[in-house]
Amino acid sequence: MVKQNVRSSSPRRRLIKPEIYGGVLLMAATVLALIWANSPLAYIYDAVFNYQIGIESDYFKLEEPVLLWINDGLMAIFFFMIGLEIKREMLIGHLNTAKKASFPVFAALGGMLLPVSIYLIFNHDPVTVRGWGIPAATDIAFSLAILQLLGRRVPVALKVFLATFAVADDIGAVIVIAAFYSESIKWIMLLGAFIILALMMVLSVRNIYSKYIYFPLSLVVWYFFLKSGIHPTVAGVLLAFTIPLNRKMDVKTYVQKITGIINNFRVSEEEDKKPVLSHTQLKGIDELKNHTNKVNSPLQQLEHGLHNWVNLLVLPLFALANAGVKLKTGTGIDFRLALIIMVSLFAGKTIGITLFSYIGTWLRIAAIPGGIQFKNLVGVASLGGVGFTMSIFIANLAFYANPEILNSAKMGIIMGSLISGLTGYTWLRMNTKEPVTEN
């Protein structure tokens, strides 16, 4: 019997845990939002997320309700992290060659086209047809959290496939948001944003990076996008592409330099009892920080640093603010719209991802990664129907002017995500087994 090695040093493998915990918090925040929005304290829920906060002076005013600060501001950070993942995957990851990218890209393509087609085929209402982008999305935090519940039954290759096709899916979602869910464009603001982005890209190409330069410029770009009519979360993705990937120092040189610093730190027992460090030691600490910054990839460092904040704070806050579907409203729920979204997410994703993956392999354009059985792919395809965060985000953009329709769309998203998650989990539970290992 062969011992299965489930360890991996890839960035995606190391970052799975925060997404799992984030998925659990997402579930908790969703349940809390549903209970809160339908309880006697619902008026507090509305008051909190509609409360206006901002900055105002004689020359500048930026004031928005808490809900929009979350959806336009904090979610821009989420999309920035997505952009970092996309750039990394395209340059050095699973999307850096046509051969590597083909299988997850085929899966993502099917996972977008079929759900959208189902939505448009059954939805002829000119008011709600604008929501066609809702079932095209996949929530990576939720889907990975469900997959992790199966433990070692699920091979690492299957988890990596889910994460990779979700990144490819995110690329499509960003394009959809930018192209179809932006308002009338103010070109002056957009021009200003792209001039700054071009400057940041020049710095990136020259491998020049400083948070003291990039952060204020990023805020200005975000503000310009906010006022331009294109959703500011798109700015988050574009800003991510200006972050350098390459390190300024190789690991071998770094080890040599820190070894010299450590040698200078060696002191006698008597000197070690002093309450302060020597000048040489202080200088060594400064040099160590400088060398550590140089050996770190700015992109990798930011991606690693943001994962906990995004998955454990930003996304749960988004769920709390947006998942409060009011089931006792006087106008009621448009159950037809909710049903169409539910079917589009569940059936569209499951069939679309499975079918296009098969077509890709049948045409010999794509190949199933090692360690994945096709029957297990069906379960992961079903998990792709867990659209939650991204689907609700697109629903907000599509129906922000009509709270009744938005409420119905959110119900369909929650139902579709729940059914997809349960089906995917059950399918994988029945079609996988614990690996046998040698002691």
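Before any of the text, the structure's been laid out above.
Sequence order as written defines residue numbering, which begins from 1 separately in each chain. At least 70 in pLDDT is required for a residue's local features to be given in this predicted model, at least 80 for side-chain atom pairs to be given and counted, and no such filter applies to totals for whole chains, interfaces and linings, which use all residues. The side-chain values count all of the structure's non-hydrogen atoms but skip hydrogen atoms and water molecules.

Caption draft 1: The arrangement of the side chain of Asp72 in detail. Starting at the N terminus, helices and strands are each numbered in turn, a helix being any DSSP run of H or I of at least four residues and a strand any DSSP run of E of at least two. Looking at the element boundaries, Asp72 is found in helix α4 (residues 66–92). For every residue, the accessible area obtained with a 1.4 Å probe (protein chains only) is divided by the maximum for its type, and the residue is called buried under 20%, exposed over 50%, and partly exposed between those limits. Here Asp and Glu are counted as negative and Lys and Arg as positive; His is not counted, and neither are the chain ends. One side-chain nitrogen of Lys or Arg within 4 Å of one carboxyl oxygen of Asp or Glu is enough to make a salt bridge. It is Lys227 that comes nearest to the buried, bridge-free Asp72 among opposite-charge side chains, at 9.1 Å. There is a polar contact of 3.0 Å between the side chain of Asp72 and the side chain of His231. Contact between two residues is taken to exist if any of their heavy atoms lie within 4.5 Å; hydrogens are not considered. Other than its neighbours up to four places away in sequence, Asp72 contacts Trp222, Leu226, His231 and Pro232. By the criterion applied in these results, polar contacts are pairs of N or O atoms within 3.5 Å in which, for protein atoms, one can donate a hydrogen and the other can accept it, and in which residues neighboring in sequence qualify only through two side-chain atoms.

Caption draft 2: Geometry of helix α6 (residues 140–148). Most of α6 is tucked away: eight of the nine residues are buried. Those residues of α6 that fall on the buried side of the exposure criterion are Ile140, Ala141, Phe142, Ser143, Leu144, Ala145, Ile146 and Leu147.

Caption draft 3: Structural context of unusual backbone geometry. For Asn207, which is not glycine, the phi dihedral falls at a positive 60°. Tracing the backbone shows Asn207 in the loop between α8 (187–205) and α9 (211–228). The phi dihedral of Arg364 falls on the positive side, at around 60°, and the residue is not glycine. As for its placement among the helices and strands, Arg364 is situated in the loop between α15 (335–362) and α16 (374–383). When its relative accessible area of 77% is taken as the criterion, Arg364 is described as exposed.

Caption draft 4: Region of the structure containing the nonpolar core. Nonpolar cores are built from buried Ala, Val, Leu, Ile, Met, Phe, Trp, Tyr and Cys residues. Side-chain atoms within 4.5 Å join them into one set. With 110 residues, the main nonpolar core has Phe78, Phe79 and Phe225 as its most contacted residues. Here this core takes twelve residues from helix α7 (residues 156–180), the largest share from any one element. Ignoring sequence-local partners within four residues, the contact set of Phe78 consists of Val310, Val314, Leu315 and Met390. Ala76, Trp222, Tyr223 and Leu226 belong to the second-largest nonpolar core, a separate cluster that totals five residues.

Caption draft 5: Examining helix α5 (residues 98–122) more closely. The end-to-end C-alpha distance of α5, which contains 25 residues, comes to 35 Å, matching closely the 36 Å that a straight helix rising 1.5 Å per residue would cover. Bend is computed residue by residue as the angle between axes fitted to the seven residues ending at the residue and the seven residues starting at it. When the local axis directions of α5 are compared, the greatest deviation, roughly 30°, occurs at Pro104. Given a helix with a known number of residues, its expected span is that number minus one, times 1.5 Å.

Caption draft 6: The arrangement of the pattern of salt bridges in detail. Taken as a whole and assessed by the stated rule, the structure comprises four salt bridges. With its nearest N and O atoms 2.5 Å apart, the salt bridge here joins Asp46 to Lys326. Taken as a pair, Asp46 in helix α3 (residues 42–50) and Lys326 in the loop between α14 (298–322) and α15 lie far apart in primary sequence, 280 residues in all. Lys349 is paired through a salt bridge with Asp169; the nearest N and O atoms lie 3.0 Å apart. With Lys349 in helix α15 and Asp169 in helix α7, the pair connects residues that are 180 residues apart, well separated along the chain. Salt bridges sharing common partners tie together Arg88, Glu89 and Glu303.

Caption draft 7: Looking closely at the packing of aromatic side chains. For Phe, Tyr and Trp, rings pair up if their centres lie within 6.5 Å, where Trp contributes its six-membered ring, and each pair is then called stacked (planes under 30 degrees apart), edge-to-face (over 60) or tilted (otherwise). For the coordinates displayed, the defined rule picks out 15 aromatic pairs. Residues Phe78 and Phe79 carry aromatic rings whose centres are separated by 5.4 Å and whose planes lie at 85° to one another, so their mutual orientation is edge-to-face. Classification of Phe78 as buried rests on a relative accessible area of 6%. With centroids separated by 6.0 Å and ring planes inclined at 55°, the aromatic side chains of Phe194 and Phe225 adopt a geometry described as tilted. Taken together, the residues Phe194 in helix α8 and Phe225 in helix α9 connect sequence positions 31 residues apart. According to the relative accessible area criterion, Phe194 is partly exposed, its value standing at 42%. Note on Phe225: relative accessible area 1%, which makes it buried. An aromatic cluster is present here, built from Phe78, Phe79, Phe318 and Phe393 joined pairwise through their rings.

Caption draft 8: How the structure looks around the environment of Ala28. Of note, Ala28 is situated in helix α2 (residues 16–37). Distance in space between the C-alpha atoms of Ala28 and Glu89 is 30 Å, their sequence separation being 61 residues.

Caption draft 9: Examining the environment of Ile365 more closely. Along the chain, Ile365 falls in the loop between α15 and α16. The residues contacting Ile365, other than those within four sequence positions of it, are Ser102, Phe106 and Gly360.

Caption draft 10: The side chain of Thr389, seen in detail. By the element assignment, Thr389 lies in helix α17 (residues 388–399). For Thr389, a relative accessible area of 1% corresponds to the buried category. A distance of 2.4 Å separates polar atoms of two side chains, one belonging to Thr389 and the other to Asp139.

Caption draft 11: Region of interest: the pairing of strand β1 (residues 52–56). Alignment of β1 against strand β2 (residues 61–65), held across five bridges, turns out to be antiparallel. Looking at β2, one finds that Ile53 is bridged to Glu64. Between the antiparallel neighbours β1 and β2 lie four residues. Whether two strands pair depends on DSSP finding at least two bridges between them.

Caption draft 12: Spatial organisation of the packing of α4 against α17. Angles run from 0 to 180 degrees between N-to-C directions of axes, and those axes are lines fitted to C-alpha atoms, restricted for helices to the stretch in contact. Packing of α4 against α17 brings their axes to within 13 Å, and their N-to-C directions diverge by 140°. It follows that α4 is oblique to α17 by the angle criterion. The handedness of the crossing between α4 and α17 comes out as left-handed. Contact residues: α4 offers Asn71, Met75, Phe78 and Phe79, while α17 offers Thr389, Met390, Phe393 and Asn396. Split into classes, the residues belonging to the contact of α4 with α17 amount to five nonpolar, three polar and no charged. Orientation categories follow fixed angle ranges, with anything under 35 degrees roughly parallel, anything over 145 roughly antiparallel, 65 to 115 roughly perpendicular, and all other angles oblique. Put simply, a crossing is left-handed when the front helix is turned counterclockwise from the back one by less than a right angle, and right-handed when it is turned clockwise. Amino acids are sorted into nonpolar (Ala, Val, Leu, Ile, Met, Phe, Trp, Tyr, Cys and Pro), charged (Asp, Glu, Lys and Arg) and polar (every other residue, Gly among them).

Caption draft 13: Region of the structure containing the packing of α7 against α16. Relative to each other, α7 and α16 sit at 45°, their axes nearing to 11 Å. Overall, the two elements α7 and α16 adopt an arrangement that is oblique. Relative to α16, the crossing made by α7 is right-handed. Contacts from Leu158, Phe161, Leu162 and Phe165 of α7 reach α16 at Asn376, Leu377 and Val380. Considered class by class, the residues forming the contact of α7 with α16 number six nonpolar, one polar and no charged.

The values reported here are purely geometric and, on their own, carry no functional implication.
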